[in-house]
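A structural walkthrough
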Amino acid sequence: MEKRIGSCTRNTKETQISITICLDGQGNNHINTGIPFFDHMLDGFARHGLFDLDVDVKGDLHVDCHHTVEDTGIVLGQAIAKALGDKAGIKRYGSFLLPMDETLALCAIDLSGRPYLKYTAEFTSERIGGLDTEMIREFFYAVSYSAAMNLHLRIIDEGNNHHMTEALFKAFGKALDLAVMKEPRIQGVWSTKGSLA
């Protein structure tokens with residue numbers, strides 16, 4: 001089977017971003033966003049989704065982390081969409097319930113071509129290792145809309161803010177891995193409309 005790979009770039013006055021994702025990988029990755037904690041979260045997403053991921057970001061971190069995180073989400077979503085192509089033969093839906101010590105996170109995905117984010121998570125700290133916690137939602141919003149996916153994320157059991165964030169990113173990776181899997185019984189796209197665009 002030919003590997004599904006998507007590469008995208010974005011160059012603005014605020015950020016210069018290059019991302020390549022292989023949906024049929026082994027979790028190998030090289031990530032540099034300039035925000036070590038964000039790198040750690042993207043590493044968890046890639047490793048647990050078994051995606052090979054290369055992320056190179058230069059952003060205006062002297063301002064804050066907003067443009068870097070949001071634009072990374074935009075480009076990652078675009079790369080995922082490019083790797084999926086017409087989505088023929090994929091399972092389309094994926095969900096995962098992920099425990100991370102005392103915390104529990106749920107992620108559910110529909111690669112419907114209709115973007116939507118439902119996000120329920122409350123943090124008690126404003127920042128974790130250089131990443132503003134309010135930017136976690138903005139990242140997933142950007143991914144969901146640029147990839148045209150229906151994405152639901154929920155923290156069911158709260159706890160340590162690091163654990164909560166990590167659980168969300170890992171659950172996203174696991175759910176996306178299930179959604180992009182090939183289903184040999186399906187011919188074409190899995191939709192009554194005949195399209196997932």
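How each quantity is defined
Residues numbered from 1 in each chain as written. Predicted model: local features only at pLDDT ≥ 70, side-chain atom pairs only at ≥ 80, totals over all residues. Heavy atoms only, no water. Core = buried A, V, L, I, M, F, W, Y, C linked by side-chain atoms within 4.5 Å. Buried < 20%, exposed > 50% of the residue type's maximum accessible area, 1.4 Å probe, protein only. Helix = DSSP H or I, 4+ residues; strand = E, 2+ residues; numbered from the N terminus. Contact = heavy atoms within 4.5 Å. Pairing = 2+ DSSP bridges. Axes fitted to C-alpha atoms, helices over the stretch in contact; angles between N-to-C directions. Phe/Tyr/Trp six-rings, centres within 6.5 Å; stacked < 30°, edge-to-face > 60°.

What about the nonpolar core?
Within the largest apolar cluster, 58 residues are counted, with the highest numbers of intra-cluster contacts made by Ile-21, Phe-45, Ile-109, Phe-140, Leu-168, Phe-172 and Leu-176. In terms of residue count, the dominant contributor to this core is helix α4 (residues 161–180) (10 residues). If sequence neighbours within four positions are ignored, Ile-21 has contacts with Arg-4, Ile-5, Gly-6, Phe-45, Phe-51, Asp-52, Leu-53, Leu-76, Ala-79, Ile-80 and Ala-83.

Structural notes on the sheet that holds strand β3 (residues 29–32)
Strand order in this open sheet of 4 strands is β1-β2-β4-β3, and the pairing throughout is mixed. Lying at the two open borders of the sheet, with one neighbouring strand each, are β1 (5–11) and β3. Here the strands of the sheet are splayed against their neighbours by 5° on average, with no regard to which way each runs. The sheet contact formed by strand β2 (residues 15–22) and strand β4 (residues 52–59) spans 8 bridges and is antiparallel.

Focus on the packing of aromatic side chains
Under the criterion given, the structure shown has 8 aromatic pairs. Look at Phe-38 and Phe-139: their rings are 5.4 Å apart centre to centre, the planes differ by 85°, and that puts the pair in the edge-to-face class. With Phe-38 in helix α1 (residues 36–49) and Phe-139 in helix α3 (residues 134–146), the pair connects residues that are 101 residues apart, well separated along the chain. A relative accessible area of 1% places Phe-139 in the buried class. Considering the side-chain rings of Tyr-141 and Tyr-145, the 4.5 Å spacing of their centres and the 25° angle between planes classify their relative orientation as stacked. In this pair, Tyr-141 and Tyr-145 both sit in helix α3, 4 residues apart, roughly one turn of the helix. The structure contains a cluster of three or more aromatic residues connected by ring pairs, namely Phe-38, Phe-45, Phe-51, Phe-139, Phe-140, Phe-169 and Phe-172.

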